[in-house]
Each structure stands twice: as structure tokens, then as C-alpha cells.
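Results of the structural survey
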Amino acid sequence: MGDQEVKLLGVWASVFSKRAEIALKMKGINYEFVVQDLSNKSPELLQHNPIHKKVPVLLHKGKPICESLIILEYIDETWKSGPSILPEDPYARSTARFWAKFIDDKCHPAIWKITGSQGEEREKLIEEATGHLTTLENELKGKRFFGGDEIGLVDIAGNFVALWLGVLLELVGIQLLTKEKFPKLSEWVDDYLNSSIVKETLPAREELLAFFRSWFQQSKGSQGEEECEKAIEEAAEQLIILENELKGKKFFSGDEIGLVDIAANWKPHIDKVPYPFIYQ
Ligand SMILES: N[C@@H](CCC(=O)N[C@@H](CS)C(=O)NCC(=O)O)C(=O)O
């Protein structure tokens, strides 16, 4: 399989792009890294990830794969060279997916919310984030990495906890992940960041600090009403995407209920006029 057929659309400071890069390097796959400007999205990014319009996008023989955790699984299933990213055993695989999702669903938002909060709200959010880190600390007990002796899916998904978390919180004057409070997780951070592929792939802490310092300064003032309007606009856009995806089909996968239908197990509180297919 020609390595030259692998392209990664990404950004150097993106915790998600770095997941894909680490996995490709673990498998020894040569790839072309195509730097994206997220303030002026390229036709290539919009063409290959029209739904989320986000990095990373992995292009393998011209076919796009989006969403970093899905990319990690694709890389693991496609290239058998190098160490496995997911374990073989189905139960161990589902456990790894569970913790990777926990990091995305719980840890990322909790830390980001702290950076934008003040006073009592901030105290509450710190408590919440401390709870999530304690959960990870307990999950690591008796193990060097989340999957055991070697780096796997959860460790790579944990890029944010290992590096970005400390950088973001330093910028708002908070120290959360300390050796005293989280000895096992701190040891994991050291082991993970010092493993050779991770070390050569993740950005230098100082560069990330400088990047997010200026990013925080720029984004100040662009919050509030404007953000709320943007969220409503985004939600409408997402419903239109689902509406279009359903055209000509009874269910998302065709005539029978499948994964996407079960995943979309909600009843939208929307007006049926602009979304006739969803309402059917
Ligand atoms: N869930 C996605 C998140 C990707 C993501 O948020 N990427 C950011 C960069 S770190 C992005 O492309 N943002 C552009 C935007 O939101 O418009 C994944 O795991 O790949």
C-alpha cells in the first residue's frame, strides 16, 4: 500500500490533529501534513468534511475519514504494521472506546468551561473537573498506560489531559493536575509525554502557551448574545444536513433501521415545515 496516498489536514496546535499524527507515526505510515487555516477554511477541508468543517481529516487514497477517534480506529484497522492502538478483545475494545469518549465528553468541556468562568461558577467547575481527573486517576491504578504496558487509544485520546489542560489552566492561573493530588495521572503524563513518538509529535509547551495566550486575548469580547445566535444557526444547519441525508430513504440506512437511526433516538422540537423528511 503506497504510503504517499495518505494526507492529513490539520493544525499544529490541535489536540485532535495530533491524535491522528501520533497514530500514523506509531504505524510507521508516511503522510503529507496539509496545514489548515481555520479562520479561512480551505476548499479541500470544506469538500472533505462538509458536515463539521473541522480538522483533522485523514485522506486515504482520496477518501476522507473525519473525527479524530474514528480516524484512530481507521488507522488501526487499516495498517497492521506497528503496535495495535485498540486491544483485540471486544470487551477491552469497548472499554477503551468508553474512556476515550469520557475524555472528549467530560474532560475537554470541563476544562474549557473553567477558562471562561469566574468566582463561584469557577469553583464549581473546578470541583467537577477534579472529579473527572479522579476518575482517570482510579482507572490508571496498577497500570502504566490506560491500556496496560503500551500506549493505546485512551492514551492518545488523552493528549488534552497530558498537555493542553496544564497550558490552558496556567493561562487562567489555576493548577489542577498536581503530583500531590493525582500521583498516578502525573506519572502517566510524564511517561506519555516522554515516549519517543509522542515527544517528537506534540508541540512544545511554550509554543502552545504563546498560541493560546494570544487566542484568549482575541476571543475576549466575542461572547454572549453573538455566541447564542451562532449556536442556533449551527443547530439549524445540522438539522438541514440530516434532512438532506434522509432524502429518498425511509431510514438513514435505507429501508430498515440501522446504527444512525438508533443513534438519532430523539424527537426534535422543531417545526415540521422546514424538515419534512425528519418528521416522517
Ligand atoms: N470531535 C472532533 C473535534 C475536532 C475539532 O474540534 N477541531 C477543531 C480544531 S482543534 C476545528 O477544526 N475547529 C474549527 C471550527 O470549529 O470551525 C474530532 O475529534 O476530530
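Cut-offs and rules
- Residues numbered from 1 in each chain as written.
- Predicted model: local features only at pLDDT ≥ 70, side-chain atom pairs only at ≥ 80, totals over all residues.
- Near = placed C-beta within 6 Å.
- Nonpolar A, V, L, I, M, F, W, Y, C, P; charged D, E, K, R; others polar.
- Helix = DSSP H or I, 4+ residues; strand = E, 2+ residues; numbered from the N terminus.
- Expected span 1.5 Å × (residues − 1).
- Contact = placed C-beta atoms within 7 Å.
- Core = buried A, V, L, I, M, F, W, Y, C linked by C-beta atoms within 7 Å.
- Buried ≥ 20, exposed ≤ 12 C-beta atoms within 10 Å, placed from the backbone.
- Pairing = 2+ DSSP bridges.
- Axes fitted to C-alpha atoms, helices over the stretch in contact; angles between N-to-C directions.
- Parallel < 35°, antiparallel > 145°, perpendicular 65-115°, else oblique.
- Left-handed = near helix turned anticlockwise from the far one by under 90°.
- UniProt positions renumbered as here; feature names shortened; annotations may be inferred.

Let us look at the site of the ligand. Around the ligand, the neighbouring residues are Val-11, Ser-14, Phe-16, Leu-38, Lys-53, Lys-54, Val-55, Pro-56, Glu-67, Ser-68 and Leu-69. Residues belonging to the shell around the ligand are distributed by class as follows: 6 nonpolar, 2 polar and 3 charged.

Glancing now at helix 8 (residues 183-194). In this model helix 8 runs 17 Å from its N-terminal to its C-terminal C-alpha over 12 residues, within 8% of the 16 Å that 1.5 Å per residue would give. In this fold, the buried residues of helix 8 make contact with helix 5 (119-140), helix 6 (153-157), helix 7 (159-171) and helix 9 (196-201).

The next point concerns the nonpolar core. Counting 53 residues, the largest nonpolar core has Ala-23, Leu-153, Ile-156 and Trp-164 as the members making the most contacts within it. The greatest single-element share of this core, amounting to 8 residues, is contributed by helix 7. If we skip the residues at most four places from it in the chain, Ala-23 touches Leu-72, Ile-75, Ile-85 and Ile-156.

Turning our eyes to something else, we now look at the sheet that holds strand 4 (residues 63-66). Strand order in the open sheet formed by 4 strands is 2-1-3-4, with mixed pairing between adjacent strands. Both outer strands of the open sheet, strand 2 (32-35) and strand 4, are each paired with one neighbouring strand and no more. The mean inter-strand angle of the sheet, taken between neighbouring strand axes irrespective of direction, is 25°. Strand direction decides the pairing type here: strand 1 (residues 6-10) and strand 3 (residues 57-60), joined by 4 bridges, are antiparallel. Bridging from a neighbouring strand, Leu-8 pairs with Leu-58 of strand 3. Contacting strand 1 and strand 3, helix 1 (residues 15-26) runs over the sheet at an angle of about 155° to strand 1. Sitting on the sheet, helix 3 (residues 68-78) is in contact with strand 3 and strand 4, with an inclination near 125° to strand 4.

Relative to each other, helix 4 (residues 90-115) and helix 7 sit at 15°, their axes nearing to 9 Å. In this view, helix 4 runs roughly parallel relative to helix 7, as classed from their interaxial angle. Judged by the sense of rotation from one axis to the other, the crossing of helix 4 with helix 7 is left-handed. Residues Ile-103, Cys-107, His-108, Ile-111, Ile-114 and Thr-115 of helix 4 form the contact with helix 7, whose participating residues are Phe-160, Val-161, Leu-165, Leu-168 and Leu-169.

Residues given the UniProt feature "domain: GST C-terminal" (unreviewed entry) here are residues 89-212. When the span residues 89-212 is considered, its composition is 74% helix and 0% strand, and the gap between its end C-alpha atoms is 39 Å.

What follows is about unusual backbone geometry. In this chain, Val-55 is followed by Pro-56 through a cis amide linkage whose omega measures 5°. Relative to the assigned elements, Pro-56 resides in the loop between helix 2 (43-48) and strand 3. For Lys-53, which is not a glycine, the phi torsion comes out positive at approximately 55°. Structurally, Lys-53 is set in the loop between helix 2 and strand 3. The class for Lys-53 is partly exposed, based on 14 C-beta atoms found within 10 Å. A positive phi angle, close to 50°, is found at Lys-61, a residue other than glycine. Within the secondary structure, Lys-61 sits in the loop between strand 3 and strand 4.

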